[in-house]
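Structural overview
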Amino acid sequence: MGLSDDLLRLKDEAEAAFAGAVATGAAAVEAVRIALMGRSGRLKDLEEGFAAAPGPDKRTLGPILNQVKTALKEALAAAQAKVTAKENDAPIDVTLPEQGRHIGTIHPISQVAAEVEQVFTSMGYEVIDGPHIEQDEFNFGRLNIPADHPARDAQDTFWLSNGDLLRTHTSAVQSRTYKLVGDGKLTPPFRRVVVGKVFRYEAVDATHDNTFTQVEGFVVDKEITVAHLIGTIRTMLTAVLKRDDVEVRLRPSFFPFVEPGFEVDVRLTSVESTNRFSRWVELLGCGMIHPKVLSAGGIDPTQWQGFAFGLGMERLTMIRHAIADIRVFHGGDLRSLHQF
Ligand code: PHE
């Protein structure tokens, strides 16, 4: 009889289809269930055929239909159980490489900054800090750079709508320190060093960035001379660069907040001529603190003198590690940064 054959064929097909779907996964098992047992699936058609069959046929077909339905349910349940079991004990391949743990490294600038701070601490300096967002007064005015002074052109920066600015140099921290003296909160002598970010409106290339790091050191004491300044700079360079081929040269230069002022260049004497640092590279500005700057803060320049210097940490780090391009420091490429 047609219907009973169809029922038995469905049973066989269902068992094979569910068994096959197990290999593919839960979604495949579900697809088979819908095709065979769903609301418009094959079983439904056969049930409709059964309902339309004459009474005597129903008596023989009934048990077959029930048997097929049960078999389908069992095949479905078995397939679902197998899929779940397979998901639960997915094999672990112990020969796969371990998922690496990403242990960070200290940024090269931070490493060298820590060494610089260490050297200055050993020379009796206090390590201090200052704000990145600075007032015109501290960044320029108190440093003998009045509003119309052309020295401002060399240090254009990012201005906020309230007239504050992103500091162009750590010398702003000098002004803040000298004001503490005028406010009666600090008395000379003192030696201070600050390492911090500075900002300039600058086109970025291999040796310039709009955001970089400076080290500013300054001393106010009695009978301080240029010899102390040079000695201090040499001590720092020897300790930080850790090489014995560093040649240092002083050139007269102008900064409104020092008098006399100098620029210090360095060169490495034992590197190949293709190395940028085999030629003189400007490293820092320095000088004796201008009497006007001291008196702006309330320090009597006839009683006290001092020196100050400011240098680019990126450049120092580039010399130390033979790095050719300043952009690696803020580039965030871990392949570069992990080398240090
Ligand atoms: N502030 C100067 C600059 O950024 C460097 C400097 C610091 C020069 C201290 C003299 C004394 O260019």
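Structural notes, computed from the coordinates. Please read these numbers as outputs of a predicted model, since none were measured by experiment.

Moving on to the nonpolar core. Leu284, Phe309, Met313 and Leu316 are the most contacted members of the largest nonpolar core, which has 38 residues in total. Listing elements by their share of this core, those giving two or more residues are α5 (108-122), β4 (190-199), β5 (211-221), α8 (226-241), β7 (258-268), β8 (281-289), β9 (305-312) and α10 (313-321).

This part takes up the packing of helix α3 (residues 42-52) against helix α4 (residues 55-88). Orientation of α3 relative to α4, taken along the N-to-C sense of each, is 165°, at an axis distance of 11 Å. In terms of their interaxial angle, α3 and α4 are classed as roughly antiparallel. Every pair of crossing elements has a handedness; the one defined by α3 and α4 is left-handed. Residues Leu43, Glu47, Phe50 and Ala51 of α3 form the contact with α4, whose participating residues are Lys58, Leu61, Gly62, Leu65, Lys69 and Leu72. Residues belonging to the contact of α3 with α4 are distributed by class as follows: 6 nonpolar, 1 polar and 3 charged.

Excluding glycine, a negative phi dihedral is what most residues carry, and trans is how most peptide bonds are arranged. In this structure, the amide linkage connecting proline 188 to the following residue, proline 189, adopts the cis form with an omega of 5°. Mapped onto the fold, proline 189 is located in the loop between α7 (171-182) and β4. Going from glutamate 259 to proline 260, the amide bond is cis rather than trans, its omega being -5°. Take proline 260: it is sitting in strand β7. Even without glycine at this site, asparagine 144 takes up a positive phi of about 65°.

This part is about the environment of alanine 26. With respect to the helices and strands, the residue alanine 26 is situated in helix α2 (residues 26-37). Note on alanine 26: relative accessible area 43%, which makes it partly exposed. Once the C-alpha coordinates of alanine 26 and valine 194 are considered, the two residues, 168 residues apart in sequence, prove to be 63 Å apart. The residues touching alanine 26, leaving out its near neighbours within four places in the chain, are Val83 and Glu87.

This part covers the environment of lysine 197. Within the secondary structure layout, lysine 197 lies in strand β4. It is 9.5 Å that separates the C-alpha atoms of lysine 197 and leucine 166, two residues lying 31 residues apart in sequence. Not counting residues up to four positions away in its chain, the partners in contact with lysine 197 are His132, Arg167, Thr211, Phe212, Thr213 and His330.

Within the structure shown, the criterion is met by 6 aromatic pairs. Taking the centre distance of 6.3 Å and the plane angle of 75° together, the rings of phenylalanine 158 and tyrosine 201 count as edge-to-face. Of this pair, phenylalanine 158 sits in the loop between α6 (136-139) and β3 (165-166) while tyrosine 201 sits in the loop between β4 and β5, placing them 43 residues apart in sequence. Taking the centre distance of 6.4 Å and the plane angle of 35° together, the rings of tyrosine 178 and phenylalanine 190 count as tilted. Taken together, the residues tyrosine 178 in helix α7 and phenylalanine 190 in strand β4 connect sequence positions 12 residues apart. Each member of the pair tyrosine 178 and phenylalanine 190 is classed as buried. Connected via pairs of aromatic rings, a cluster forms that spans Phe120, Tyr125 and Phe309.

Reading the values: rules and limits
Residues numbered from 1 in each chain as written. Predicted model: local features only at pLDDT ≥ 70, side-chain atom pairs only at ≥ 80, totals over all residues. Heavy atoms only, no water. Core = buried A, V, L, I, M, F, W, Y, C linked by side-chain atoms within 4.5 Å. Buried < 20%, exposed > 50% of the residue type's maximum accessible area, 1.4 Å probe, protein only. Helix = DSSP H or I, 4+ residues; strand = E, 2+ residues; numbered from the N terminus. Axes fitted to C-alpha atoms, helices over the stretch in contact; angles between N-to-C directions. Parallel < 35°, antiparallel > 145°, perpendicular 65-115°, else oblique. Left-handed = near helix turned anticlockwise from the far one by under 90°. Contact = heavy atoms within 4.5 Å. Nonpolar A, V, L, I, M, F, W, Y, C, P; charged D, E, K, R; others polar. Phe/Tyr/Trp six-rings, centres within 6.5 Å; stacked < 30°, edge-to-face > 60°.

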